[in-house]
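# Close look at the chain arrangement
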Amino acid sequence: MLIDAARADLPHFVTHLECSKTGEPIEAGTLQNLSPAGAPILVRYDLDAVRGALTKEALAGRLPNFWRYRELLPVREAAHIASLGEEMTPLLPLGPSADGGKLLVKDEGRLPTGSFKARGLALAISMAKELGVTRVALPTNGNAGAATAAYASRVGIESYVFCPDDTPEINLREIALQGGNVWTVNGLIDQCGAIVGAGEGAMGWFNLSTLKEPYRIEGKKTMGFELAEQMGWELPDAIFYPTGGGTGLIGMWKAFDELEAIGLIGPKRPRMIAVQAAGCAPIVKAFEAGEEHAPRWEDAHTVAAGIRVPAAIGDFLILRAVRESGGYAVAVEDEAILAARERIGREDGLLICPEGAATAAAYYQAREEGKIGKGETAVLFNCGNGLKYPMPDLAMTLDRNAEIDWAEMARA
Ligand SMILES: *Cc1c(COP(=O)(O)O)cnc(C)c1O
């Protein structure tokens, strides 16, 4: 019998929280947003002690959901865990569309609420529960709102969700049906974020904005744990990550250090490649200019709504990870995104989301430019379920009362 680590009482190894900018320690077990220096807060563990507890043998006895890494997650008591079935997502090889390269897709569309936002919000909501929060709020382009509403409802927390007014209907409706109070706002995600900040006093809600609380990173870092475990504790040569707020990229980079500290992987790291859309590429611009911070991108637009993030508070952490890894940041056009989605659907039978397709477009470009060698293994993140997005109408019609021209059908 495998144990479900989400339901088991396991030892807890958090030592303290830490400002990502100054390194200043902050007491664990307290409700926190940004650090006194105005930067994201990171969670620190007693890694020497975790080394003896989170072993390959321990993992072999646990169900394949991301709570199997409990010793490196911040929730103290299993009773506080908000769970909707966070199964490990498959790592699928691509064939024809890999163009002869070694290409794997981590398909995050299988998670609850159909996107990898479930990882971050499952942890953030579990910690909110543990720390006594009863109401949360956040700005979102859709997927984070759906995950927030679902996990909050799961543990009896109220949620308030603010979306740009061009957020797809399907996201607004799923949020509402999962118990979220959802508003559309005539502005972009950072402007929705300003409303969340302004309402903290009057509404008494806890602000769950990307990187403005410590725990969404902890959830997103489980992508790094799963990837390492699924690849036999050997990381790939390159990771292409669709970068909005950058939580997943920062989280995986942290995860790799933690895995090395507990002896599960060696020093080898993948090149981290931050992929953005040409219509909203603040990180790419800062990377190319050699800057540490990325100024707000004006007139942000792209079909890949999840990476339409004009300003990221963790910009310096994204840029640091990309540079330390020997990777780079790159922007792809919407046409290339849509072409990549179509190609992978047609050649590999996998429907990916536009943000995932952006990473594929960046991979094709990297292969062409020789930035990824043929023998190298690259991993793409398909961060959302393709069914959540608008799709072209390519169906043909038949009149069942007319004579069918089979020869013409065969040519279609
Ligand atoms: C949020 C989101 C992203 C960006 O993720 P970050 O880790 O915040 O950069 C990419 N794709 C989809 C589908 C998303 O919902």
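Notes on the structure follow. (Residues numbered from 1 in each chain as written. Predicted model: local features only at pLDDT ≥ 70, side-chain atom pairs only at ≥ 80, totals over all residues. Heavy atoms only, no water.)

Counted under the stated rule, the structure contains 10 aromatic pairs. Ring plane angle 50° and centroid distance 5.1 Å describe the contact between Y69 and F225, whose orientation is recorded as tilted. Within this pair, whereas Y69 is found in the loop between helix 2 (56–60) and strand 4 (91–93), its partner F225 is found in helix 9 (residues 222–230), the two being separated by 156 residues in sequence. The pair formed by Y69 and F225 is uniform in burial state, with each residue classed as buried. On the basis of an interplanar angle of 65° and a centroid distance of 6.0 Å, the ring pair of Y363 and Y364 is categorised as edge-to-face. (Phe/Tyr/Trp six-rings, centres within 6.5 Å; stacked < 30°, edge-to-face > 60°. Helix = DSSP H or I, 4+ residues; strand = E, 2+ residues; numbered from the N terminus. Buried < 20%, exposed > 50% of the residue type's maximum accessible area, 1.4 Å probe, protein only.)

Now for unusual backbone geometry. With a phi angle near 60°, D99 is a residue other than glycine that sits in the positive phi range. Relative to the helices and strands, D99 is located in the loop between strand 4 and strand 5 (102–107). Note on D99: relative accessible area 46%, which makes it partly exposed. Look at L211: it is not a glycine, yet its phi comes out positive at around 65°. With respect to the element layout, L211 can be found in the loop between strand 9 (206–207) and helix 8 (215–220).

Take the site of the ligand next. Taken together, 17 residues form the shell around the ligand, and within it K117, K220, Y241, G244 and G246 come nearest. One of the backbone nitrogen or oxygen atoms of G244 is found 2.8 Å away from an oxygen atom of the ligand. The separation between an oxygen atom of the ligand and a polar main-chain atom of T247 is 3.2 Å. When the free accessible area of the ligand is taken as 380 Å², the share hidden by the protein chains comes to 97%. Looking at the shell around the ligand, the elements that each hand over two or more residues are strand 10 (238–242) and helix 10 (247–261). Its residues placed into classes, the shell around the ligand shows six nonpolar, eight polar and three charged. (Near = heavy atom within 4 Å. Polar contact = N/O pair within 3.5 Å; in protein donor to acceptor, adjacent residues only side chain to side chain. Areas by Shrake-Rupley, 256 points an atom, 1.4 Å probe, with all protein chains shown as cover. Nonpolar A, V, L, I, M, F, W, Y, C, P; charged D, E, K, R; others polar.)

Worth remembering: the numbers are spatial, not functional.
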